[in-house]
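# Close look at the chain arrangement
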Amino acid sequence: MKLSEHAQSDPPFPTTEQLLVSGGDARIALDPHSGLNKYGCRPYPDPQMLALGSSTASLISAAGFAAAGQLRDRLLQELGAESFEAIYAREMQRVRMALLRDLSDGDVELVFTTSGTDAHAVAARHVAAASVSPLRVVMVEEVETGSGVAEALRGQDFAGSACEDGRIGAIEVLSVPLREADGTTRPADHVDADVVVRVDEAVAQGGRVLLVMVDQSKTGLIAPSPACVAGLHRRHPESLDILVDACQFRIATPTLRAYLQQGFMVALTGSKFFTGPSFSGALLFPASLGRRLKIPTGDEAGAPNFGLLLRWEAALVELNRFRAVPEAFVIRFMRTFEQVVQQRLTDDPHFEPLEVASLERQPLATQRSWDHIQSIFPFMLHRPEAAGGRRPLNREETLEIYRQLPVAGASGLRCQLGQPVACGTREGIPVSAVRLCISARLIADACGPEGMDEIIAGASAALDKTAWLIDRLGNQE
């Protein structure tokens, strides 16, 4: 369809803001009262907001929004001469090649998906279709990966899902918990043992297995351990496929390449560490695996999703800004940030940091880079008691604190943390943890005029406000 035909029958081409919230699902839709999506974000920049919640989502940057707007304007001009489909296919191929040049060093393919959840669905659907045996998926508990991931892996709630393909039977999903009932981290060898049992049993029953390794989870964990995954991969080479859930995109390029060289699929999004708008997913895989699983790479042949295109365009801006920062500076900033934040979370009675295990990836990836440094800092909230001691805030209270952080209030500071994650019970109280996060955008900003000290001071100020809100919550009772 040409623009001249389109203009006569349809509404005008959407604005940049409208496109950025199109082509997803209900999670990306804007609330008519607040103007925010489910993740608390608007589809345009908010320079006064201190964005420290990139484990959930971030507001689009001014540079990302400008790039999306420029692409939208160029699309509008070109639509007068070419069809929607042709322009979309060409532009998505441009973005694909930009990503592959940066991320891969071999024969690798990339399929764009609306979200990280959808990337899981694509992987499971094609593994199931390529097997004559029933598929079982082994993964860590959904609370650490994302709501809807298990359903997506089963092929539910997705158009053209695996369940609608007559060649594919029901897909069973088996999950393994990462935390104890009180929210503390389970020992890695216990998690690994549970994973091994589930995989070995499924293979013994004659089934095909898709093992999902998360790197990193909502609270910054890697599980099962790379050593466990490597061992299972060697033991069951003909029965096991592996998907690395790296949707946080908190992995360096050498780590990503190592996973692909092992023959694994890798799910990414541009909307977490790289702070692009929500709903920009991708699935990477070795070309040989794609041929075996018959994963089509011409996803642009479907209905054009210009929202997805603009969201990835914005994410590319932040990816390129981050890649321009010397790695020595990245590591120095992350180490300094980690030390300051961990010290504050440990010393302040309002906070209790959740344990995050060391980010080691041997033997799958041997080259150490910035991604072995913690960048997600989950912590529970406590109210200090006048007589000494403290009481953990329950989930409703924690959610209320989280919701008040973006409101200016008396301090004038507006900030975002990562949405609360349920983490068991303490003293009979259901509790959750919020998350303070390093992002690629913060690192690039720290390397610029704002400077490292100002960025870290902002994180400290966000914790100051969180503590103040906790005290205020107590005074209101």
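The structure contained in this document is the topic of the report that follows.

So, how was this worked out
Residues numbered from 1 in each chain as written. Predicted model: local features only at pLDDT ≥ 70, side-chain atom pairs only at ≥ 80, totals over all residues. Heavy atoms only, no water. Helix = DSSP H or I, 4+ residues; strand = E, 2+ residues; numbered from the N terminus. Rg over C-alpha atoms; globule rule 2.2 N^0.38 Å. Buried < 20%, exposed > 50% of the residue type's maximum accessible area, 1.4 Å probe, protein only. Contact = heavy atoms within 4.5 Å. Areas by Shrake-Rupley, 256 points an atom, 1.4 Å probe, with all protein chains shown as cover. Phe/Tyr/Trp six-rings, centres within 6.5 Å; stacked < 30°, edge-to-face > 60°. Salt bridge = Lys/Arg side-chain N within 4 Å of Asp/Glu carboxyl O. Polar contact = N/O pair within 3.5 Å; in protein donor to acceptor, adjacent residues only side chain to side chain. Axes fitted to C-alpha atoms, helices over the stretch in contact; angles between N-to-C directions. Parallel < 35°, antiparallel > 145°, perpendicular 65-115°, else oblique. Nonpolar A, V, L, I, M, F, W, Y, C, P; charged D, E, K, R; others polar. Expected span 1.5 Å × (residues − 1).

### Observations regarding the overall build of the protein chain
Helix and strand counts for the protein chain stand at 15 helices and 14 strands. Taking 2.2 N^0.38 as the reference for a compact globule, 477 residues should give roughly 23 Å; the C-alpha atoms of the protein chain span a radius of gyration of 22 Å, in line with that estimate. For the protein chain, the C-alpha atoms occupy an extent of roughly 65 × 60 × 40 Å along the three principal directions. For the protein chain, buried positions account for 57% of its 477 residues. Of the contacts made within the protein chain by residues no fewer than 6 positions apart, 73% connect residues no fewer than 24 positions apart. As displayed, the protein chain has an accessible area near 18900 Å², and 52% of this comes from carbon and sulfur atoms.

### Description of the packing of aromatic side chains
Tallying each qualifying case throughout the model produces 14 aromatic pairs. A centroid spacing of 5.1 Å and a plane angle of 85° characterise the contact between Phe273 and Phe274, whose relative ring orientation is edge-to-face. For the pair Phe273 and Phe274, a shared accessibility class is recorded, and that class is buried. Arranged with centres 5.7 Å apart and planes meeting at 50°, the rings of Phe333 and Phe337 form a pair that is tilted. With a gap of four residues between them, Phe333 and Phe337 both fall in helix H12 (residues 327–347), about one helical turn apart.

### Some thoughts on the pattern of salt bridges
Applying the stated criterion across every chain, the model contains 28 salt bridges. Put simply, Glu78 and Arg90 hold a salt bridge, and the shortest N to O gap is 2.7 Å. Within this pair, whereas Glu78 is found in helix H3 (residues 62–78), its partner Arg90 is found in helix H4 (residues 84–103), the two being separated by 12 residues in sequence. The exposure class of Arg90 is partly exposed, given its relative accessible area of 35%. One connected set of salt bridges, linked through shared partners, spans Arg74, Glu78, Glu82, Arg90, Glu91, Arg94 and Glu313.

### A closer look at the side chain of Glu313
Here Glu313 is to be found in helix H11 (residues 306–323). Polar side-chain contacts of Glu313 include one of 3.0 Å to the side chain of Arg94. If we ignore the near neighbours within four places in the chain, the residues touching Glu313 are Ala67, Ala68, Leu71, Arg94 and Val95.

### Observations regarding the environment of Ala365
Residue position: Ala365 is located in the loop between strand S10 (351–353) and strand S11 (376–384). Sequence separation between Ala365 and Gln77 is 288 residues; the distance between their C-alpha atoms is 45 Å. The contacts of Ala365, once residues within four sequence positions are left out, are Thr255 and Ala258.

### Things to note about the packing of H4 against helix H9 (residues 253–261)
Direction vectors running N to C along H4 and H9 enclose 95°, while the axes themselves pass 9 Å from each other. Between H4 and H9, the angle is such that the two are roughly perpendicular. Where H4 approaches H9, its residues Arg101, Asp102 and Leu103 are matched on the opposing element by Thr253, Leu256 and Arg257. Counted by class, the contact of H4 with H9 contains two nonpolar, one polar and three charged residues.

### Observations concerning the side chain of Ser104
For Ser104, the position within the fold is in the loop between H4 and strand S2 (108–113). Side-chain polar atoms of Ser104 contact the backbone oxygen of Leu100, separated by 2.9 Å.

### Overview of helix H5 (residues 116–129)
In this model, H5 (14 residues) spans 20 Å end to end at C-alpha, consistent with the 20 Å of a helix rising 1.5 Å per residue. Most of H5 sits inside the fold, with 12 of its 14 residues counted as buried.

### Some remarks on the environment of Arg403
In this fold, Arg403 is placed in helix H13 (residues 395–404). Separated by 53 residues in the primary sequence, Arg403 and Ile456 place their C-alpha atoms 22 Å from one another.

### Focus: unusual backbone geometry
Negative phi values dominate among residues other than glycine, just as trans dominates among peptide bonds. With an omega dihedral of 10°, the bond running from Asp215 to Gln216 counts as a cis peptide bond. Take Gln216: it is sitting in the loop between strand S5 (208–215) and strand S6 (222–223). Each neighbour pair has its own omega, and for Ala223 with Pro224 the value is -10°, a cis peptide bond. Along the chain, the position of Pro224 falls in the loop between S6 and helix H8 (226–235). Positive phi, close to 55°, is recorded for Phe249, a residue that is not glycine. Take Phe249: it is sitting in the loop between strand S7 (240–245) and H9. Relative accessible area serves as the criterion here: at 1%, Phe249 is assigned to the buried category. Phi at Lys294 is positive, roughly 55°, even though this residue is not glycine. Along the polypeptide, Lys294 turns up in the loop between helix H10 (287–293) and H11. For Lys294, a relative accessible area of 63% puts it in the exposed group.

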